[in-house]
Each structure stands twice: as C-alpha cells, then as structure tokens.
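In case you want the letters, here they are:
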Amino acid sequence: MIERRENWVISAQDLGPAGELRAEVLQKRLMDLSIDHSLALGCGWEAMRGEGCFWALARLKVVVFRHPIIGENLSLLTWPSPAIPSGIWRSYHLETVAGERIAQAMGLWAIIDIPTGKPRRCDHFPLWNSSLPYRQEPIWSEGIGPWPGSITVEAKSCIRTVEASDIDANGHVNNLRYIAYTQDALKVFGDPWEGYRSYRIHYLSPLFAGDTLTLSLIPSDTKKEVRGVTERSPAKLTAFRCLIE
C-alpha cells in the first residue's frame, strides 16, 4: 500500500497551556509527513515546479480523541486516496504504539498552476501515477462534510497585516500561518484556543505579503468560527474559515 509512517515522542513544546496538543504543532507534523511522502512518490516541490505548479492544501479536518501527554510515543500514518479531478484526499492517523487512537485528520490537496494561480485537474496529472496500489478507504468516506449552517452575526473583529515572514516558497501565505492567525485572533477576543475536540479549515483565497486581513469571531452555542476576509479591489474576498469545536 502507498503509505508513510513516522514516530513522534511528545515533548513539552508540543502541548499548550491547558495540556492540549497544540494545533499548529499537529498540523506541521501532518504537512511535513505529506511533503516527505510526496517527495518519495516523485512529486515533491522541485518536480512540481518543473511542471509549473505546486501542491496547496484546500481543506483540512482534524478530530482529537485524546490529547497526549509529555513523553508519550506516538505513530503518525498518512496515505493518499486515488486522485479525483479537484485534488487528492490524504488521510492521517495518529495513535499510540499500543494502537489507541489519539487523532485523525483528512485534507484535500489541490494542484495549483503557477502562471495562472488556478487549480489544475489532478486525476490526469503526469507526476501522479494512478496505477499504484492506493488504499481505497479514506478516514471519512464522505469527505470532511459540508460547512455547518451559516452564522451571520459577527460579534468581534480585529485587523492583522500579512507579513513577509508568513510567505512560503510558493509566494503565498503558508497554510500553517492561518492557524496562527486564528489563535492570535482568539487571544485578542479573550477566547483562547484550548482543549479543542476538532477543527476544520477551508482555504478559500490566497493571501500575500502586505494584505490586510480582518479576522472575525462568529460564535454559536457549541462551536466558534474565525473568518478571515481581505480586500482586493474591487471586492472583498474570504481568505479562510476555521471552525473549532
């Protein structure tokens, strides 16, 4: 089967103030494992640039069953599903060495054309060998599901300017920075991100250095959503939505 696994010993730096697995730490582990696996499959960063494109995370959902403790030895597994036109679903499974589930996640990776900035069709992409023995069962067979019912009341908002240090090698904001934007905003709102059970992010529009980002907290009874909007003449664009439960 086409999969990749790594071990991870939890350190104090991996945990937040409430003992929770820090979301940005977990997501960086997922991203790094994906990058290493793509390189092994012949479609790493340099090979993709040779085709005039790059990988971009379009959707991500994470569910945490139990937050780990310092010194715990974990195993992180990832596998891609067969390509579909809009991208490649990649599943992630985090467990103890004894097989206890800690967390699971699934993300949709799209292929973005460098000259146009638009998605390319993935199921006929020349670097992706569709004949390989991929695992057919993703974490969630229905995908990560539709966004929950819309909430229209925006209770609080703050402003953030995108810094040059937020930009990745592909020229737009690194997907991990959206986690940081969300966490920074929640701290400003006095509602820090601690003890979460799950979160999902929809990456909707690229951000660039110098963009002004309006971050709004949209609460409900059981969850909270942070939405990032930027102005790019002549319209306002929703850059991302992050839903935390």
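These figures come from a predicted structure and were not determined experimentally.

Draft legend 1. Representation of the packing of helix H1 (residues 23-40) against helix H3 (residues 175-188) within the structure. Packing of H1 against H3 leaves a shortest axis separation of 10 Å and a crossing angle of 170 degrees. For the element pair H1 / H3, the angle class is roughly antiparallel. Contacts between H1 and H3 involve Ala23, Glu24, Gln27, Lys28 and Met31 on the former and, on the latter, Asn175, Leu176, Ile179 and Gln183. Of the residues in the contact of H1 with H3, the class split is four nonpolar, three polar and two charged.

Draft legend 2. Structural detail: the side chain of Gln27. Structurally, Gln27 can be placed in helix H1. For Gln27, the residues in contact, after removing those within four places along its chain, are Leu57, Leu60, Asn175, Leu176, Ile179, Tyr199, Ile201 and Tyr203.

Draft legend 3. Here's a closer look at the pattern of salt bridges. Under the defined criterion, the tally for this structure stands at 17 salt bridges. Between Arg22 and Glu24 there is a salt bridge; the shortest N-O distance is 2.5 Å. One salt bridge connects Asp123 with Arg121, and the closest N-O pair in it is separated by 2.6 Å. Overlapping salt bridges, with partners in common, bring together Arg160, Asp166, Arg177 and Asp184 in one network.

Draft legend 4. Structural context of the nonpolar core. Counting residues in each nonpolar core, the largest one holds 58 residues, and the members touching the most others are Leu94, Trp193, Tyr196, Tyr199 and Phe240. If near-sequence neighbours (up to four positions away) are discounted, Trp193 is found in contact with Glu20, Ala23, Ile179, Thr182, Gln183, Leu186, Tyr199, Cys242 and Ile244. In terms of nonpolar packing, the next biggest core, distinct from the first, is built from nine residues, Trp89, Met106, Leu108 and Ile144 among them.

Calculation rules
Residues numbered from 1 in each chain as written. Predicted model: local features only at pLDDT ≥ 70, side-chain atom pairs only at ≥ 80, totals over all residues. Heavy atoms only, no water. Axes fitted to C-alpha atoms, helices over the stretch in contact; angles between N-to-C directions. Helix = DSSP H or I, 4+ residues; strand = E, 2+ residues; numbered from the N terminus. Parallel < 35°, antiparallel > 145°, perpendicular 65-115°, else oblique. Contact = heavy atoms within 4.5 Å. Nonpolar A, V, L, I, M, F, W, Y, C, P; charged D, E, K, R; others polar. Salt bridge = Lys/Arg side-chain N within 4 Å of Asp/Glu carboxyl O. Core = buried A, V, L, I, M, F, W, Y, C linked by side-chain atoms within 4.5 Å. Buried < 20%, exposed > 50% of the residue type's maximum accessible area, 1.4 Å probe, protein only.

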